[in-house]
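# Observations on chain architecture
In case you want the letters, here they are:
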There are 2 protein chains.
Amino acid sequence: MSLPSHVVRSFVDACGKGSVLSDPGECWTYGFDNSRQHACPDLVVLPQDSEQIQACVRLCRQFHVPLTTRGRGTNTTGAAVPLRSGIVLSTERMARILEMDAANRSMRVEPGVLNSAVQEQASEYGLFWPPDPGSADYCTVGGNLACNAAGPRALKYGTCRENTLEVLAVTGTGNMIRTGSATTKGVVGLDLTRLLIGSEGILAVITEARLKLSAAAERTDTIRASYIDTQSAIDAVVCILAQSALPCALEFIDEGSLNLIRTQEAIALDSDAKAMLIIEVDGLMQTVDANVAAVLKAAKNPGCVDLLNASEPRHREELWQARKVLSQALRGFAPSKINEDVVVPVSRLPTLLQELELLAQKFSIPIFNFGHAGNGNIHVNLLYDESDSQQAKSARHCLNEVFDLVLKLDGSLSGEHGVGISKRNWVDRELGPEVLGLMHQIKQQFDPDNILNPDKVLPDLTAS
Amino acid sequence: MSLPSHVVRSFVDACGKGSVLSDPGECWTYGFDNSRQHACPDLVVLPQDSEQIQACVRLCRQFHVPLTTRGRGTNTTGAAVPLRSGIVLSTERMARILEMDAANRSMRVEPGVLNSAVQEQASEYGLFWPPDPGSADYCTVGGNLACNAAGPRALKYGTCRENTLEVLAVTGTGNMIRTGSATTKGVVGLDLTRLLIGSEGILAVITEARLKLSAAAERTDTIRASYIDTQSAIDAVVCILAQSALPCALEFIDEGSLNLIRTQEAIALDSDAKAMLIIEVDGLMQTVDANVAAVLKAAKNPGCVDLLNASEPRHREELWQARKVLSQALRGFAPSKINEDVVVPVSRLPTLLQELELLAQKFSIPIFNFGHAGNGNIHVNLLYDESDSQQAKSARHCLNEVFDLVLKLDGSLSGEHGVGISKRNWVDRELGPEVLGLMHQIKQQFDPDNILNPDKVLPDLTAS
């Protein structure tokens, strides 16, 4: 389906000729995201300010054309894929830092600015913005906010929801709204800021945000701890979280992943190690030693077989080497990968990992697990060959049981990736019909004509 | 207006005879809150579990009777006053801690549990719940959540919104919903947890919550810093926040308040001191010294005339003595007090305080200011005699200009007290009509018959 010429002309009038792409070849590349799903948009618009975004939303509403907002497409769930074609609104030409307010530890930005550009600017003032997804170098703040992106640092410093003061956005009605305030506290009216953050573009298009920055630590040390089994590693996690030197990262690698690392490169891993923690501890120059000592004390239990720590950048990198090699190794292991990011209460991690092992055996699908243990947020990687239809089917059945398992353990289907298309059909297992009903009503009032990222996040309501 | 006997009987049937108070004398005491406003409810119900709450909400809906939920009435804005009479639902008999989950640093509680009871239970495991309103000894967690309560510690540890994992609530439709999850991260669906927190009982009645606990610091030191003027004090605040040893409290006292303290008791204050900071720094036993040194270095500027710090409880109390004496002194200064809690970006505090001084002169209303400087959240106290009608009128006019001033400085009308009745008529100066429209629609969908705490928080929509 292509758009009638008068519709295309309206977008050209709104944004300027050079800001509208209609060539199918050009449009094609805006139809992917990192989920590898694809749908080709009819038109790509590249607005340059809030008013152009507002004009685009109003046109979409007027012509009943779906609109999918896109940062750099690093999303892993299809949230940026224009399922029903229509317009892709790319924020790539809105990448300015509008105001750096060091005294108030805040930065006002356009949605298309890269996470790394924010960090670079903030670092000039000894500040940083906590959300640190793995894709920080090439993902946008707008995308981060849409998905409530996080990363290892969330353990100590929070996610986007804890680190955003104010949002400007255009709702599906075409209205421009400002939520939150320039202050770090505020309780006037309902919290629409957090409602927009993590809503994956189904309620509004974010046109500007005021980010809450934090003072950067003076120094960060790295600890690598290896354990004879998962239970010992998670016991250590619980002990580390029970004392007050809260690490800024507390990452886990499971036995299968360690074995994979061993096959790849000559990294010195203790032969008894069947679970590993990589921990980052930050603070002042003079306090990190004491913080590290407190964490080491908590990390050391009878199942701990290896405990290393490092301050020097080169030595810290060596400790992270296992984790880095793992990503390369996984890429080589199987052509296809389902990378989930389920989350359970921390103390349930041993049960989760034990049962995942049983599922791997049951479906003959290798599963490798690692991730943010401090938040109970584990990246569950199902590796298979998509071209082998039997295996692909098994992988999907296995995934289905992974989700059931997570919910049985009081967990959630996603800790940081979100729902998009990929997990939409499972959402009603986690959320009750009343809650889903309320979410649908909120969607309906923000976007009465359902033009913003339709068929994402919320499953259709079944008659009941 | 009293309720028909069959209506009263229905509540008795739902909750039991001993859980319904209909005697006007008994009802009377449930009509106040700490705003000193009053309206007598027709009936007080004291439910004992979630199901009884649900039954009460359903009855209110069935009989079109307003319902106002009440913790211990420590609210300062009238949010707990049953403006339109009807039912007051007191959570006083739902004060159980349902589950202490130390391994996952969480606690599941009923809404009527006191904040201090939560702290006491948590402290047995070396944990605490960050929200620390001044009324912690006699305010409920349900009330804390309804108002998104905070306190000095919010600077480092956040408010209720950052420290609540999961909420069970009954909406105005009588549906029981569960929002959030037992995990510390989660991005499945829209963030209804934060939407309920701070909604002051207009969307739903919270029946249970899972609180996010943090590990308690091993040690806390206190610093008292005095300055020759406000600008120097706030310059110090900005410098303190720019380095990474974030204090767990960063309180401010203005010149007028210091003068009041001087008239009251023989507290040794430097005669040049015209602004004061009281700072708390926490950490491990071995790290607090370094953290204190970093904060002292940031606090010391050319305008600093006195800088004391203390580790011993007795000496720390001495440093806090100025603040404690102030509260007593204010009570004696004038019979009536408007205690606001406006918030501005930290760097705007000197302008705010300067202009407040001009307003005090203009209206001949003494204004004393102190509060949470680290968040820019200042308690502005207008002191006057309510029985002097001219002065009372001046105070209200003055307050009006205080709010205009705050908004001019990019601030917000309330940092932690909320809106209730008291600030309802000013909300539309801060929030635009589109935002208010969305909030009204959300209220409408959670509570279509407008039975939950009607006429609070959101101003009526004017025809436009």
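Only a predicted model underlies this, so the values are computations on that prediction, with no experimental measurement involved.

This brings us to the packing of helix α8 (residues 230-242) of chain B against helix α10 (residues 288-299) of chain B. All names here are of chain B. One can describe the packing of α8 onto α10 by two numbers: an axis separation of 8 Å at closest approach and a directional angle of 145°. Between α8 and α10 the crossing geometry is right-handed. Contacts from Ala-236, Cys-239 and Ile-240 of α8 reach α10 at Val-295, Ala-298 and Ala-299. A per-class count over the contact of α8 with α10 returns 6 nonpolar, no polar and no charged.

This part covers the packing of aromatic side chains. Residue and element names in this part refer to chain A. Enumeration according to the criterion identifies 8 aromatic pairs over all chains in this entry. Taken together, a centroid distance of 6.4 Å and an interplanar angle of 85° make the contact between Trp-28 and Phe-32 edge-to-face. For Phe-32, a relative accessible area of 33% puts it in the partly exposed group. Residues Phe-128 and Tyr-157 carry aromatic rings whose centres are separated by 5.0 Å and whose planes lie at 85° to one another, so their mutual orientation is edge-to-face. Of the two residues, Phe-128 is situated in strand β7 (residues 127-128) and Tyr-157 in helix α6 (residues 154-157); the sequence distance between them amounts to 29 residues. Considered together, Phe-128 and Tyr-157 belong to a single accessibility category, that of buried residues.

What follows concerns the nonpolar core. Counting residues in each nonpolar core, the largest one holds 193 residues, and the members touching the most others are Leu-195, Leu-277 and Leu-352 of chain A together with Leu-195, Leu-277 and Leu-352 of chain B. Setting aside anything within four residues of it in sequence, one finds Leu-352 of chain B in contact with Val-342, Val-344, Ile-378, Leu-405, Val-406 and Leu-409 of chain B.

This next bit is on helix α15 (residues 433-446) of chain A. Its 14 residues give α15 of chain A an end-to-end C-alpha distance of 20 Å, which sits within 8% of 20 Å, the value for a rise of 1.5 Å per residue. Along α15 of chain A, the positions that sit buried rather than exposed are Val-435, Leu-436, Gly-437, Leu-438, Met-439, Ile-442, Lys-443, Gln-445 and Phe-446 of chain A.

Moving on, we get to the interface of chain A and chain B. On the side of chain B, 86 residues touch chain A, which itself brings 85 residues to the contact. Between chain A and chain B, a total of about 6,500 Å² is buried, with carbon and sulfur atoms accounting for 64% of that surface. The largest contributions to the chain A side of the interface with chain B come from Lys-185, Val-187 and Leu-190 of chain A, which together make up 14% of the buried area. Between chain A and chain B we count 6 salt bridges in total.

For the pair chain A and chain B, the relating rotation is 180°, the translation along its axis is 0.0 Å, and the fit reaches an RMSD of 0.0 Å. Such values leave the two copies arranged in the relation of a two-fold axis. The C-alpha atom lying nearest the rotation axis in chain A is that of Thr-287 of chain A; the distance is 2.6 Å. By residue overlap, the copies meet face to face through one surface: 100% of the interface positions of chain A are interface positions in chain B.

You can see Glu-200 of chain A is positioned in the loop between α7 (192-196) and β10 (204-212). For the buried Glu-200 of chain A, no salt bridge is present, and the opposite-charge side chain at shortest range is Lys-456 of chain A, 7.4 Å distant. For Glu-200 of chain A, the side chain forms a polar contact with the main-chain nitrogen of Val-419 of chain A, separated by 2.7 Å. Ignoring any residue separated from it by four or fewer positions in sequence, one finds Glu-200 of chain A in contact with Thr-77, Ala-79, Ala-146, Gly-418, Val-419, Gly-420, Asn-453 and Val-457 of chain A together with Val-187 of chain B.

Let's shift gears to the sheet that holds strand β6 (residues 106-109) of chain B. Residues and elements named next belong to chain B. Read from one edge of the open sheet, 5 strands run β5-β6-β10-β8-β9, paired in antiparallel fashion. Every other strand in the sheet has two partners, leaving β5 (97-101) and β9 (176-180) as the edge strands with one partner each. Mean inter-strand twist for the sheet, computed between neighbouring axes without regard to direction, equals 15°. Two strands pair when backbone bridges link them, and strand β8 (residues 164-171) and strand β10 (residues 204-212) are joined in this way by 7 bridges, in the antiparallel orientation. Across the sheet, residue Ala-169 finds its bridge partner in β10, namely Ile-206.

Our focus in this paragraph is the environment of Ala-209 of chain A. All names here are of chain A. Secondary-structure assignment places Ala-209 in strand β10. Along the primary structure Ala-209 and Glu-255 are separated by 46 residues, whereas in three dimensions their C-alpha atoms are 41 Å apart. If sequence neighbours within four positions are ignored, Ala-209 has contacts with Met-107, Arg-108, Val-109, Leu-145, Glu-166 and Val-167.

Across the sheet, 4 strands lie side by side as β1-β2-β4-β3 (chain B); this open sheet has mixed pairing. Lying at the two open borders of the sheet, with one neighbouring strand each, are β1 (20-21) and β3 (67-70) of chain B.

Here we take up helix α1 (residues 5-15) of chain A. Residue and element names in this part refer to chain A. When we look at burial in α1, the residues that qualify are Val-7, Val-8, Ser-10, Phe-11 and Cys-15. Each buried residue of α1 sits inside an arc of 155° when the element is viewed along its axis, so together they form one side. More than 90 degrees from the buried face of α1, the exposed residues found are Ser-5 and Asp-13. The inward-facing, buried residues of α1 abut β1 (20-21), β2 (43-45), α3 (50-63) and β4 (87-90). Immediately downstream of α1, the backbone of Gly-16 shows phi near 95°, a positive value.

Throughout the structure, instances matching the rule amount to 56 salt bridges over all chains. Its salt-bridge partner being Lys-423 of chain B, residue Asp-341 of chain B comes within 3.0 Å of it at the nearest N-O pair. In this pair, Asp-341 of chain B sits in strand β16 (residues 336-343) while Lys-423 of chain B sits in the loop between α13 (389-408) and α14 (427-430), placing the two residues 82 residues apart along the sequence. By relative accessible area, which is 0% here, Asp-341 of chain B ends up buried. What makes Lys-423 of chain B buried here is its relative accessible area of 2%. Several salt bridges converge on common partners, so that one network encompasses Glu-99, Arg-108, Glu-166, Arg-178, Glu-208 and Arg-210 of chain A.

What follows deals with the environment of Val-81 of chain A. All names here are of chain A. Structurally, Val-81 can be placed in the loop between β3 (67-70) and β4. Exposure remark for Val-81: the relative accessible area of 1% places this residue in the buried category. Look past the residues within four positions of Val-81 in its chain and what remains in contact with it is Gly-31, Phe-32, Asp-33, Ser-35, Gln-37, His-38, Ala-39, Thr-68, Ile-421, Asn-453 and Lys-456.

The next thing to look at is the pairing of strand β12 (residues 219-227) of chain A. Residues and elements named next belong to chain A. Of all 9 residues in β12, 8 are buried, a share of seventy percent or more. Inspection of the sheet shows β12 paired to strand β14 (residues 275-283) by 9 bridges, in the antiparallel sense. For Arg-219, the partnering residue across the bridge sits in β14 and is Gly-283. When β12 meets strand β15 (residues 304-310), the two strands line up antiparallel, connected through 6 bridges. When the bridges of β15 are listed, Ile-223 appears paired with Asn-309.

The next thing to look at is the pairing of strand β8 (residues 164-171) of chain A. Burial runs high along β8 of chain A: 8 of the 8 residues are buried. With antiparallel pairing between neighbouring strands as the criterion, β8 of chain A and strand β9 (residues 176-180) of chain A make up a hairpin whose turn holds 4 residues, including Gly-174 of chain A at a positive phi of roughly 90°.

Calculation rules
Residues numbered from 1 in each chain as written. Chains lettered and ligands numbered in written order. Predicted model: local features only at pLDDT ≥ 70, side-chain atom pairs only at ≥ 80, totals over all residues. Heavy atoms only, no water. Axes fitted to C-alpha atoms, helices over the stretch in contact; angles between N-to-C directions. Helix = DSSP H or I, 4+ residues; strand = E, 2+ residues; numbered from the N terminus. Left-handed = near helix turned anticlockwise from the far one by under 90°. Contact = heavy atoms within 4.5 Å. Nonpolar A, V, L, I, M, F, W, Y, C, P; charged D, E, K, R; others polar. Phe/Tyr/Trp six-rings, centres within 6.5 Å; stacked < 30°, edge-to-face > 60°. Buried < 20%, exposed > 50% of the residue type's maximum accessible area, 1.4 Å probe, protein only. Core = buried A, V, L, I, M, F, W, Y, C linked by side-chain atoms within 4.5 Å. Expected span 1.5 Å × (residues − 1). Buried area = accessible area lost by both parts, 1.4 Å probe. Salt bridge = Lys/Arg side-chain N within 4 Å of Asp/Glu carboxyl O. Least-squares fit on C-alpha atoms with pLDDT ≥ 70 in both. Lys, Arg positive; Asp, Glu negative; His and termini not counted. Polar contact = N/O pair within 3.5 Å; in protein donor to acceptor, adjacent residues only side chain to side chain. Pairing = 2+ DSSP bridges. Arc of directions from axis to C-beta.

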